[in-house]
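Structure at a glance
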Amino acid sequence: MSYRGPNTTCGERPNGMAAPCPDPDGSNEFLRDYLWDGLLKHGWDLVGGKWMVPRTDWVGTTDMDTMVPVFEDLLVEQLDRHIQKLPHFEGIAIDRLDYSEFFNYDYDDNTSWVPRNGTKLPGVAVPDLTIWGPARALRLSYRHTFERLHKVLHPSATGGAKHQSADRVMLNNCNTLCRLDEMRSFDGTFSEGSSLNAVAWTGLRQPTILWTYGLLPDLGVLDSYFQQHLVMNVYPMAPMPFNDHSIVPGDAVVESAYQDYAPLFNAMHGARWLLTPHPGLLLGPSGGSVNVLTSESHGDARCKYVVPVMLADQSSSSLTLSLLLPEPDHAVLELQVLHPGSETPVQL
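Rules and cut-offs
- Residues numbered from 1 in each chain as written.
- Predicted model: local features only at pLDDT ≥ 70, side-chain atom pairs only at ≥ 80, totals over all residues.
- Heavy atoms only, no water.
- Helix = DSSP H or I, 4+ residues; strand = E, 2+ residues; numbered from the N terminus.
- Buried < 20%, exposed > 50% of the residue type's maximum accessible area, 1.4 Å probe, protein only.
- Polar contact = N/O pair within 3.5 Å; in protein donor to acceptor, adjacent residues only side chain to side chain.
- Contact = heavy atoms within 4.5 Å.
- Phe/Tyr/Trp six-rings, centres within 6.5 Å; stacked < 30°, edge-to-face > 60°.
- Lys NZ or Arg CZ within 6 Å of the ring centre and 35° of its normal.
- Pairing = 2+ DSSP bridges.
- Lys, Arg positive; Asp, Glu negative; His and termini not counted.
- Salt bridge = Lys/Arg side-chain N within 4 Å of Asp/Glu carboxyl O.
- pLDDT = per-residue confidence, 0-100.

Tracing the backbone through its elements, the reader meets threonine 145 in helix α3 (residues 138–153). On the basis of relative accessible area, threonine 145 is assigned to the buried category, the value being 3%. Within the local environment of threonine 145, its side chain forms a polar contact with the side chain of glutamate 72, the two groups lying 2.7 Å apart. Setting aside residues no more than four positions away along its own chain, threonine 145 makes contact with Thr66, Met67, Glu72 and Leu75.

Here it is as structure tokens:
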């Protein structure tokens, strides 16, 4: 970085404040001169212990406390400008909730109490916890920022229509840390990693997508992969050209399996977990897994439940499904079955 002196800016932002210069040094200068209060400089986390220098991370990024006004206001302003300048803009995905596990020594949220002198020594798994003190949990900072961003993307929720535009989506990538208490402002998740069960919990009431890094052209592997996702109500990422570290098109066997299971995933649209005790059980020697989901699929009022029955022993010709549903005793149930490779349900 070539030093150009303090307070180097280029023009004004929409709110009349200074704007960073649009060149390689502009963002660093702006961080140094205008966003310094938001920089995460002193703090603690469970993995790294205490640190007293600014934290850097993936591809040269700098960790920030998002609730500091100079930084949070800039995020909200940038999102608002996306909506103004990009008519076809559909929404955002926020990367990595694991950063929310940090604690900032420079602020006090009147709740958190963490080690203040904890240093993780070589060969010692637990840091010294002799003296504890106040800090601000970035979980609280993130939630505050998420709520502000949500309001910009969802004018209908605030009773306003600043840009006369429709609502847009906000997804998150929970990565290695999936927390239900971080989901309030989101419309769903689009997560990396392979923690299928963890991301499934974030999809109890909203759609969930999990990255697919690659798949072998093995029918047994493919059946197991898609059926695990169906029973957990998680959509797998589909092949996309030029994906840099996830699945790409080109394998006929894999793409055929995606086509075979596509009608089942389509049937899951709008499905939400039924959170009652033991709503579905599989009986008999065939094994397998079952989940019971409520459904608003395709606007058909008759379709109230989707019941993925997966991973059973394929050598068995039959299985017994027991359902305990919150329906009146006199309710008449209509049952249909949909198999991989078929787009038409079979009436039972």
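Still to come is the rest of the account.
In this structure, serine 185 sits in the loop between β8 (169–173) and β9 (188–191). Discounting residues that sit within four places of it in the chain, serine 185 has contacts with Phe146, Glu147, His150 and Met170. At a separation of 3.1 Å, a polar atom in the side chain of serine 185 contacts the side chain of glutamate 147.

Per the stated rule, a full pass over the model turns up 14 aromatic pairs. Ring geometry for tryptophan 51 versus phenylalanine 102: centroids 5.9 Å apart, planes at 75°, classification edge-to-face. Here tryptophan 51 is found in strand β2 (residues 49–51), whereas its partner phenylalanine 102 is found in the loop between β3 (91–95) and β4 (103–104), with 51 residues between them in sequence. Positioned above the aromatic ring of tyrosine 105, the side-chain terminus of arginine 116 is 4.0 Å from the ring centre. A cation over an aromatic ring shows up here: arginine 136 above the ring of tyrosine 107, its NZ or CZ 4.4 Å from the ring centre.

In spatial order, the strands read β12-β15-β16; together these three strands make up an open sheet with antiparallel pairing. The outermost strands of the open sheet, each flanked by one partner alone, are β12 (272–273) and β16 (305–306). Pairing between β12 and strand β15 (residues 293–294): two bridges, direction antiparallel. For tryptophan 273, the partnering residue across the bridge sits in β15 and is leucine 293.

Okay, the side chain of arginine 168 next. The residue arginine 168 is located in the loop between α4 (155–158) and β8 in this model. No salt bridge forms around the buried arginine 168; measuring N to O, its nearest opposite-charge neighbour aspartate 167 is 7.1 Å away. Within the structure, arginine 168 has its side chain in polar contact with the backbone oxygen of phenylalanine 89 (distance 2.7 Å). If we skip the residues at most four places from it in the chain, arginine 168 touches Ile83, Pro87, Phe89, Glu90, Gly91, Leu153, His154 and Asp187.

Averaged over every residue, the pLDDT of the protein chain is 88; the share at 70 or more is 91%. Within the protein chain, α4 has the poorest average pLDDT of any element, 81, and strand β7 (residues 136–137) the best, 98.

Here the focus is the pattern of salt bridges. Scanning the model with the defined rule gives 14 salt bridges in all. Between arginine 136 and aspartate 65 there is a salt bridge, with the nearest N and O atoms lying 3.1 Å from each other. Of this pair, arginine 136 sits in strand β7 while aspartate 65 sits in the loop between β2 and α2 (69–85), placing them 71 residues apart in sequence. Like arginine 136, the residue aspartate 65 is buried in the burial classification. Each of the salt bridges in this network shares a partner with another, and the network as a whole consists of Glu101, Arg139, Arg143, Arg179, Asp181 and Glu182.

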